[in-house]
Structures are given as C-alpha cells and as structure tokens.
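Structural characterization, general
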Amino acid sequence: MTLQPPADHWAPASWTSRPAEQQPAYRDAVALERAVAELSRLPPIVVSWEIDALRRQIAEAQQGRRFVLQGGDCAESFADCESGQIARKLKILLQMSLVLLHGLKKPVVRVGRFAGQYAKPRSTDTESRDGVTLPSYRGDLVNRPAFTVADREPDPDLLLRGYERAALTLNFVRALIDGGFADLHHPEYWDLGFVHHSPLREQYRKLVASISDSLDFFESMSGSRVHEASRAPFYASHEALHLLYEQAQTRYIERQGRWYNLSTHLPWIGMRTAKLDGAHVEYCRGISNPVGVKVGPGMGAEWVQGLCEVLNPHREPGRLVLIHRMGAAHIEARLPALIETVRATGTPVLWICDPMHGNTESTRSGIKTRRFENIVAELESAFRVHKELGSYLGGVHFELTGEDVTECTGGARGLAEDDLARDYRSQVDPRLNYEQALELAMRIAAYARTA
C-alpha cells in the first residue's frame, strides 16, 4: 500500500485515477453515464450551511462539550421508505438521546444512518447457491436482494431511485422536526407502543418525568422557553461507498470557496475502502464535509497517521471523525496504541466507538448475530481506555432499528439463539431492536455517572 500523501490537485472525479474497491460492475456504460448525468443535475439533498453547523458541533464534541449519537439501519431498503418506518427510527434515536442527555449532562448531536445508506460493501463479488453463481447483493442502490439473474444485475437507474428515497426520507424527517415531533416538552410523541411491555418502562418513565419537571422549573423561573428543547435537529450520514453517486452530488459553493458532498451531512469511509492510495480516500480528502473513517485492530500506526495527514492536513477542528471498531476481545489491547498514534500527529479528531461490527458472529445454523453483552463490554472498555489515557470518547455508532426485531441476542429480555428466527429481517447485518438500543443508552448513561 502506498503511504505517500496524494498531490494537492483535487476534483470530484480525481478518484477515478486511483484503485476503486467495492464498486459494482455495470454492463451498460451508456445507461450508467445517463443516470449519473441526471443525478448531477438534480437539487442537492442537504445544504452547505447544515454541513458547516454539524462540523462546528463535532468540533465541540472533540472538546467534550457535546456527545454524538449515530445510529440507524445497517442498510436501508427502498421498501422501508414509508412514514411509519421513518418515524420509528426517529423515535428510538430521540429516546436514546434523551437518556444520554440526562446521563451525560451535555447536548447530544443526533446523526442518523439514513437518507442514503443504500449501498453495502461485500466480502466477495459473487454469491453461489445450489450451483448457481450471481453477483452479490450490494444494497438497493446497486441491485436487488432476490437471487435471480435479473435482480442481481447492477442497475444504473437504482442510483436515481436511491436519490429519490433519500430526499423523501430527509424531507419527512425535517417536516416532523419542524412540526414539533422532536420537542423535549412532549416526549410522549416518541412512544413506540411496545414500551408498555418492556422491563425498562418504569425506568424510562421516571427519566422522562425528571426531564419534564426540570424543563418546567427552568422555564417557570426564567419566563422563557428553552429553544434547543423545542427543535432538536437531525443530521444524515451514510458510507460514501458508491463513488459515482457521491461524485454526482458534489458541488462547488462559490460563497464558501469549497467543495461539498451534498448527498449527506457526514459521509464515512469503511475499513475495506480506507487505503491511502485508494479512490475513497482520494474522493473524501477534497470535500468540506466532516468525514468519518472506520478504524480497526488490523490498521497499523503508519496507515492511521497517513489517514490523519491526508484527510485533515491543516488539523482543522470538526473535520475528522475516527470510528473505532475493535471487538470486545481486542479493544483493551489495541485501542491504547491507536489513541497514542493519533495523538502523535497533533490532529484533532472525534473518537466514536462502534461496538457492533467487531462483535459479529454466526450461530450454529449460520445466522449472523451479535451478543448484547459483547457490545456493552466493548463500550465500557472504550470509555475506560479513553479516560485512562486522557482522551475523550465523544460518541457512539450503532446499527439499530425502531422495530421489535430479533437479530441480536441478549438484552433485558434475554433473547437466545433460538429466538432469532422469530423476527429476523435484516438483509445484511444484525441490528439492535428498540428495547436493546434503549437499554444500551441507559447503560452508557449509568456508566458515565459512575466513571
């Protein structure tokens, strides 16, 4: 792997001169060019001042003044772009942020894995079943999950369908927020129904009552309403995997004098595509969005320091987010060296813990799952290691859903391996269900109070 920083010249398409991994192979080049050209003409999904606002908040989180909650589906599906599904995703993120706000005593930045998380990296380019080999399913932005020749063929028109679903999703999110859906004065809007049957219901009810009483007291004393409690913004994020899709929505903003990826607020680079000489790093180094990078135990010091230098050469606050995903078995041994490696560069970063991807395993019957206790163990280790080294863990990154699925074992109800078949829906990776996600937020808040 080449470790030399790239030349200073950058353009939205300069990534095409680098090795580009995890890109689909389209048969019809003309149809692909037509779809990308149309996507380039369409209005942006987000705007530059929203991105700049998030960048300022990430800079504050780097200093320990805010905490970032990033969560959502492993891979969004076009079929889930409907009001109920979107509202349930918002509800669980709102409930989690309320718990974290109460426990951490600092503002929570809400970043959804939504409105664009339609492409997924795969371990192999093809999949075989019963002697038939077809292209792997790479997310709804590329092809379809059904195992047929027609469905698995990469389809350029899906880039436009993905743009449409992302825009519809974020438009509905904004409408809900503008309508008071995220108002802390009315957390009853966030009821997911089955909270009434949860072992956590009483603990959550008391927490909500405590926050409501505190708001009422403050506003009665001050004679004014707490604005931030009335309208909590949401930011969108997705893995910047499909580079033609990202390039098509990259615009130069004259008044800022900078390039922005206007398909999302916070794009990130996955571990599979984080090579210094690769196309994804080359693309992300030129945009002004805050950029996340997944980092794991297999990434050496020279690699990580190179990422810091290439992606944030001017050491700007709020620019770089490092999302570590070590696994419960490795975090204590590997995270300290990673923190010291980054500290040696002098680069300001926001450290976020992703306790999901390093803890994926398969059951005896071949079902992918994650154990709740391993997720909790990695989180607690992350908080402890950062504190011991004088660093700060400024956020968490979860794959979760507002649905009552059974994809991860453990949690308050003690889901076992045999329970997974009851309601396992994910096409890619297992997600925390509503109850497990809420319990995880409560664990973080409790740990923060005692740490």
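Everything below is about the structure printed above this text.
Here's the deal with the packing of aromatic side chains
Here a ring pair, both rings aromatic, is described through the centre-centre distance and the interplanar angle of the planes. A full pass over the atoms with the stated rule returns 7 aromatic pairs. Aromatic pair Phe-67 and Phe-383: ring centres 6.4 Å apart, planes at 10 degrees, arrangement stacked. Placement of the pair is Phe-67 in strand S1 (residues 67-72) and Phe-383 in helix H12 (residues 372-388), with a sequence separation of 316 residues. On the numbers, 5.8 Å between centres and 45 degrees between planes, the contact of Phe-383 with Tyr-447 is tilted. Of the two residues, Phe-383 sits in helix H12 while Tyr-447 sits in helix H13 (residues 434-450), which places them 64 residues apart along the sequence. Classification of Phe-383 as buried rests on a relative accessible area of 15%. Of the residues examined, Tyr-447 reaches a relative accessible area of 19% and is grouped as buried. Site record: aromatic cluster; members linked through ring pairs are Trp-10, Tyr-252, Trp-259 and Tyr-283.

Observations regarding the side chain of Lys-294
By the secondary structure assignment, Lys-294 is in strand S9 (residues 291-295). Exposure remark for Lys-294: the relative accessible area of 5% places this residue in the buried category. Separated by 3.1 Å, the side chains of Lys-294 and Asp-354 make a polar contact. Sequence-distant contacts of Lys-294, defined by excluding residues within four places in its chain, comprise Arg-113, Trp-268, Ile-269, Gly-270, Met-271, Met-299, Ile-323, Arg-325, Asp-354, His-357 and His-397.

A closer look at the environment of Ala-382
When you line up the elements, Ala-382 lands in helix H12. When its relative accessible area of 0% is taken as the criterion, Ala-382 is described as buried. The spacing of Ala-382 and Glu-60 is 322 residues in sequence and 20 Å in space, taken between C-alpha atoms. The contact partners of Ala-382, leaving out residues within four places of it in the chain, are His-324, Ile-331, Leu-335, Cys-353 and Leu-393.

Quick notes on helix H11 (residues 331-343)
Between its first and last C-alpha, H11 extends 18 Å over 13 residues, near the 18 Å set by a 1.5 Å rise per residue. What H11 keeps buried is the set Ile-331, Leu-335, Leu-338, Ile-339, Thr-341 and Val-342. On an axial view of H11, the arc spanned by its buried residues comes to 160 degrees, and they lie on one face. Buried residues along H11 sit against S9, helix H10 (301-311), strand S10 (320-324), strand S11 (349-353) and H12.

What to know about the pairing of strand S7 (residues 258-261)
If a strand is regular, its side chains alternate between the two faces of the sheet. Looking at chain direction, strand S6 (residues 250-253) and S7 are connected through 4 bridges and run antiparallel. If you follow Thr-250 over to S7, its bridge partner there is Asn-261. Between S6 and S7, which pair antiparallel and follow one another directly, the connecting turn spans 4 residues, one of which, Gly-257, has a positive phi of 70 degrees.

What counts and what doesn't
- Residues numbered from 1 in each chain as written.
- Predicted model: local features only at pLDDT ≥ 70, side-chain atom pairs only at ≥ 80, totals over all residues.
- Heavy atoms only, no water.
- Phe/Tyr/Trp six-rings, centres within 6.5 Å; stacked < 30°, edge-to-face > 60°.
- Helix = DSSP H or I, 4+ residues; strand = E, 2+ residues; numbered from the N terminus.
- Buried < 20%, exposed > 50% of the residue type's maximum accessible area, 1.4 Å probe, protein only.
- Polar contact = N/O pair within 3.5 Å; in protein donor to acceptor, adjacent residues only side chain to side chain.
- Contact = heavy atoms within 4.5 Å.
- Expected span 1.5 Å × (residues − 1).
- Arc of directions from axis to C-beta.
- Pairing = 2+ DSSP bridges.

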